[in-house]
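Commentary on secondary and tertiary structure
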Amino acid sequence: MATSIDVFAKARQHERLEQLRTARELDALPYFHVLEGPTLPVVEMEGAARIMLGSNNYLGLTGDERVRDAAVDAVRRYGTGLTGSRFLNGTIDLHVELERELAEWMGTEDAIVFTTGHQANLGALGTILGPEDTVIADSGDHASIRDGILLSRAKLRPFKHGRLDLLEKRLQAAQGDGGGILVVVDGVYSMEGDVAPLPEIVELCGRYGARLMVDEAHAFGVLGARGAGACELFGLEDRVDLRMATFSKSLASCGGVIAGPAEVIEFLRISSRPFMFTASAVPAAVGATLAAVRICRSPDGRDLFAKVLDNARYLNRGLHALGFRVVEPVQLADGTEVVTPVVPVVVGDDWKAVFLWKALYEAGVFVNVAIHPAVSPGGALLRTSVMATHDHETLDRALAVFAQVKRAFESEHGPLPATA
Ligand SMILES: Cc1ncc(COP(=O)(O)O)c(C=O)c1O
């Protein structure tokens, strides 16, 4: 007898369908807007120039001539695609150089390059962990970490974002699970923009015999004197067991890396399914990444790291002064203030966030919207982010738009959450 259950039924019934329809009817869908040129501080988008405050191109390198030339050179030398896995016919000398230079930059024994950052997390977690192990993850960790954990079938013990007391409880409980323990955190959280308290986390992992992996996606090419990320910022590069980073943010390209001990990286090279069973990145992406890594490691890198963080501070303080509730910069134990390129504006209600996004978009500023489930229910925010190539004049223009939109928005929809 044929089943009456249609696996496509979900597509007609899923919980977001009504929301999606309403957003389309109101012409307020904040997703899939079309760029008509390169990601620069001001972009062409759907027939208008808009200030780009919604990109992860933190160092502005997608427009850098050296990076663009390296991508073009790679196409000339290797063609448009590699048509095979890294494992078989998809490794070129650019991969080998890139892995060597990334390991050097991150101060690890070795590094392995994946086609995307998502696959790097999947490939590391899905291979290193097994069903007998326990993984402890911050609830703010990126979706690719969750997906890697699902692939591994390890026992997941999540803890509420940033709650070290709960992390310790999970570490205590995991002692009885009978397998190895891995703690996974983001160095900088992608939506909230806050920095993980790595010194305390390293200490807890040491005390309970757990390994630690840090996803540096939003810290790589930004934090630390060498731009190597949050582990470098805290002086903990040799105390964190495994580090992941993507090329799709500061490095202006696409791809991902896992850096760590040689034996683990070698194991991934011959066992990681998301590494072995997918095509290698296109040569243009590898060439562009290598050029971006070299810029970061040159004296120009330091200027870019300083500029993006100066812009982040400028936008953060500007929005704060206008009365928006921004996520405040993190204060370290020694009193240093750490800003990151991610400057979230807390809105709370999902629909309010969408309407505020629309008002900004129509007034010429593009930002990203994070609503549930990307953030906790009632925690909707506008995720703004800056590039090293923004200047204060452009940020001032964006702030003037925020001020004008806030006035009009509040008179129609009521007050937005105020400065904390
Ligand atoms: C924290 C974090 N990890 C991993 C990824 C996945 O990287 P990619 O987009 O390069 O696949 C992202 C991307 O958004 C991220 O923000």
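A quick note: this is a predicted structure, and the numbers were derived from the prediction, not measured. (Residues numbered from 1 in each chain as written. Predicted model: local features only at pLDDT ≥ 70, side-chain atom pairs only at ≥ 80, totals over all residues. Heavy atoms only, no water.)

1. With respect to the overall build of the protein
Helix and strand counts for the protein stand at 15 helices and 15 strands. For 420 residues, the compact-globule estimate of 2.2 N^0.38 gives 22 Å, and the C-alpha radius of gyration of the protein, at 22 Å, lies within 12% of that figure. Overall, the C-alpha framework of the protein stretches about 65 × 60 × 50 Å when taken along its three principal axes. Per element, the accessible surface of the protein, about 18300 Å² overall, is 56% carbon and sulfur. Across the protein, the mean location of the 41 positive side-chain charges is 3 Å away from that of the 54 negative side-chain charges. (Helix = DSSP H or I, 4+ residues; strand = E, 2+ residues; numbered from the N terminus. Rg over C-alpha atoms; globule rule 2.2 N^0.38 Å. Areas by Shrake-Rupley, 256 points an atom, 1.4 Å probe, with all protein chains shown as cover. Lys, Arg positive; Asp, Glu negative; His and termini not counted. Charge placed at Lys NZ, Arg CZ, Asp CG, Glu CD.)

2. Observations regarding the site of the ligand
Within the structure, the ligand sits among 16 residues, and His118, Asp215, His218, Ser248 and Lys249 are positioned closest to it. His142 is positioned with one of its side-chain polar atoms (N or O) 3.3 Å from an oxygen atom of the ligand. Between Asp215 and the ligand, the recorded distance is 2.6 Å, taken from a side-chain N or O atom to a nitrogen atom. At the level of secondary structure, the elements contributing two or more residues to the shell around the ligand comprise helix H5 (117–128) and strand E8 (242–246). When its residues are assigned to classes, the shell around the ligand shows two nonpolar, eleven polar and three charged. (Near = heavy atom within 4 Å. Polar contact = N/O pair within 3.5 Å; in protein donor to acceptor, adjacent residues only side chain to side chain. Nonpolar A, V, L, I, M, F, W, Y, C, P; charged D, E, K, R; others polar.)

3. Topic: the environment of Ala279
For Ala279, the location among the structural elements is in the loop between helix H11 (273–276) and helix H12 (283–297). You can call Ala279 partly exposed: its relative accessible area is 40%. As a C-alpha pair, Ala279 and Asp396 span 117 residues in sequence and 44 Å in three-dimensional space. (Buried < 20%, exposed > 50% of the residue type's maximum accessible area, 1.4 Å probe, protein only.)

4. Here we look at the pairing of strand E6 (residues 181–186)
With respect to burial, E6 is a largely interior element, six of its six residues being buried. Here E6 shows no split at all, with Ile181, Val183 and Val185 on one side and Leu182, Val184 and Asp186 on the other all buried. Examined bridge by bridge, strand E4 (residues 134–138) and E6 share four bridges and lie parallel to one another. Each residue of the ladder has a partner; that of Ala137, found in E6, is Val184. Two strands pair when backbone bridges link them, and E6 and strand E7 (residues 211–215) are joined in this way by five bridges, in the parallel orientation. Across the sheet, Val185 pairs through a bridge with Val214, a residue of E7. Handedness of the E6-helix H8 (residues 198–208)-E7 crossover: right-handed. (Pairing = 2+ DSSP bridges. Right-handed = clockwise from strand over helix to strand, strands pointing away.)

5. Quick look at the environment of Leu164
Mapping Leu164 onto the fold places it in helix H7 (residues 164–174). Leu164 sits 37 residues away from Ile201 along the chain, and the two C-alpha atoms are 7.5 Å apart.

6. A few points about empty space enclosed by the protein
Applying the stated criterion to the full structure yields one cavity of 30 Å³ or more. Space inside the largest cavity adds up to approximately 110 Å³. Gly193, Val327, Pro329, Thr340 and Val342 are the residues nearest the centre of the largest cavity, which is lined by 16 residues in total. Elements with a minimum of two residues in the lining of the largest cavity: helix H13 (299–321) and strand E12 (342–348). With three residues, E12 is the largest single contributor of residues to the lining of the largest cavity. (1 Å grid on protein atoms, 1.4 Å probe; cavity = no way out; pocket = protein on both sides within 12 Å on 5 of 7 lines; lining within 4 Å. Points joined across faces, edges and corners; volume = space filled by probe spheres on them.)

7. Things to note about the sheet that holds strand E2 (residues 48–52)
With mixed pairing, three strands are arranged side by side in an open sheet as E1-E2-E13. Each having just a single partner strand, strand E1 (42–45) and strand E13 (365–366) make up the two edges of the open sheet. In terms of strand pairing, E2 meets E13 through two bridges, oriented parallel. In the sheet register, Met52 faces E13, and the bridge partner there is Phe366.

8. A closer look at unusual backbone geometry
Of the consecutive residues His372 and Pro373, the connecting peptide bond is found in the cis state with omega at 10°. By secondary structure assignment, the location of Pro373 is in the loop between strand E14 (368–370) and strand E15 (380–385). One non-glycine residue, Asp27, adopts positive backbone phi at about 50°. In this fold, Asp27 is placed in the loop between helix H2 (17–25) and E1. What makes Asp27 exposed here is its relative accessible area of 56%. The phi dihedral of Glu46 falls on the positive side, at around 50°, and the residue is not glycine. By the secondary structure assignment, Glu46 is in the loop between E1 and E2.

Nothing here speaks to function; it is geometry throughout.
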